[in-house]
Amino acid sequence: MADQPYIELSELRDVQMKMTRFFMAYRFVLEEMVTKIDILQEEFEVAHDYSPIEHTKSRLKSPESIIKKVRRKNLPVKTAVIREEIRDIAGIRITCSFRSDIYEIRNMLLSQQDIELVDEKDYIEKPKPNGYQSLHMIVRVPVFMSDHVEYPYVEVQIRTIAMDFWASLEHKIYYKYEEEAPKELIAELTSAAEAVDALDKKMERIHQELHKKDRSVQPAEEEPFDLPEETLERLLSMARRKPSDE
Ligand code: 0O2
């Protein structure tokens, strides 16, 4: 057996430390984005009485997957190249119920001053030949460190539950057969993609119909403390009353 290359323990520790530092900005930017999305979801729920987000998943690409992707793209395995060219090291996937929610969330995120849109691919407007649908954005968000600012890239994928269901099945098939899936299975997947598209469009129509009715009975906007003096006094005296007073 050929001798394995020998690595000093101190060398190993050094690499580990550098890796931790490399991934730190990506970890922080994911936390920032997840907080932004949580705020949007909670505030939207209060304002509109329904949630446009079903769930959010975030992940960091592993060093192995990063190196595989760099090699697949025929790029040199260099930190600066990885930072610039591999733009999905930090990834977020937002799943929504309805198609219109996707664009609503997109616009809410992009209207935030600190989120810079770098690239966008709308595979809903123009699905991939295999039927894949999703909205992809590459954004940059500042991460304030103790003595400098970093602007890591984040990939944001937004899709409906039905699109997500289809994509995860297609992903499993793709990996199982390594691009050599049987023809019948590919035909089934294509027809499932058409069914997903039809279902999403039908659900959207129902959703719009329901929403139209809601919009016609919008309550007047009222600030919590701007109540008539008399009502405010009554509320205060109720709050002051002890249970024993009843
Ligand atoms: P993984 O393992 O999911 O991260 P890029 O290669 O990212 O520089 P590309 O391929 O043009 O450039 O980016 P695109 O089209 O925005 O796709 C990026 C990601 O979208 C992929 O990441 C997948 O997660 C997902 N995706 C794209 N096409 C398909 C598809 O046909 N089926 C499924 N299931 N997912 C898809 P990775 O890095 O390829 O893989």
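Parameters and conventions
Residues numbered from 1 in each chain as written. Predicted model: local features only at pLDDT ≥ 70, side-chain atom pairs only at ≥ 80, totals over all residues. Heavy atoms only, no water. Helix = DSSP H or I, 4+ residues; strand = E, 2+ residues; numbered from the N terminus. Polar contact = N/O pair within 3.5 Å; in protein donor to acceptor, adjacent residues only side chain to side chain. Contact = heavy atoms within 4.5 Å. Phe/Tyr/Trp six-rings, centres within 6.5 Å; stacked < 30°, edge-to-face > 60°. Buried < 20%, exposed > 50% of the residue type's maximum accessible area, 1.4 Å probe, protein only. Lys NZ or Arg CZ within 6 Å of the ring centre and 35° of its normal. Axes fitted to C-alpha atoms, helices over the stretch in contact; angles between N-to-C directions. Parallel < 35°, antiparallel > 145°, perpendicular 65-115°, else oblique. Left-handed = near helix turned anticlockwise from the far one by under 90°. Nonpolar A, V, L, I, M, F, W, Y, C, P; charged D, E, K, R; others polar.

Peer 1: Mind showing me how you'd approach the side chain of Gln41 here?
Peer 2: Within the secondary structure layout, Gln41 lies in helix H1 (residues 9-48). Within polar-contact distance, the side chain of Gln41 engages the side chain of Ser51 at 3.0 Å. Reaching out from Gln41, the side chain makes a polar contact with the backbone oxygen of Ile53 at a distance of 3.0 Å. Here Gln41 is in contact with Ser51 and Ile53, once residues within four sequence places are set aside.

Peer 1: Honestly, the packing of aromatic side chains in this entry has me stumped. Any pointers?
Peer 2: Taken as a whole and judged by the stated rule, the model has 5 aromatic pairs. Summarising the aromatic geometry, the rings of Phe22 and Tyr26 are spaced 5.5 Å apart at their centres and angled 45° between planes, so their arrangement reads as tilted. With a gap of 4 residues between them, Phe22 and Tyr26 both fall in helix H1, about one helical turn apart. Pairing Tyr174 with Tyr175 gives two aromatic rings, centres 5.9 Å apart and planes at 75°, and the pair type is edge-to-face. The exposure class assigned to Tyr174 is partly exposed, which follows from its relative accessible area of 39%. In textbook terms, an aromatic cluster arises when at least three aromatic residues are bridged by ring pairs, as seen for Phe22, Phe23 and Tyr26. One Lys or Arg, Arg87, reaches over the ring of Tyr153 and ends 4.4 Å from the middle of that ring. A cation sits over an aromatic face here: Lys128 above Tyr123, 5.4 Å from the ring centre.

Peer 1: What is the right way to read the packing of H1 against helix H4 (residues 99-110) from this model?
Peer 2: Helix-helix packing is described using two parameters, namely the angle between the two axes and the distance between the axes. As a packed pair, H1 and H4 sit with axes 11 Å apart at the nearest point and diverge in direction by 120°. Considering the angle they form, H1 stands oblique to H4. With respect to the hand of their crossing, H1 and H4 are arranged in right-handed fashion. Of H4, the residues touching H1 (which contributes Met33, Ile37, Leu40 and Phe44) are Glu104, Met108 and Leu109. Residues belonging to the contact of H1 with H4 are distributed by class as follows: 6 nonpolar, no polar and 1 charged.

These figures come from the coordinates and say nothing about function on their own.
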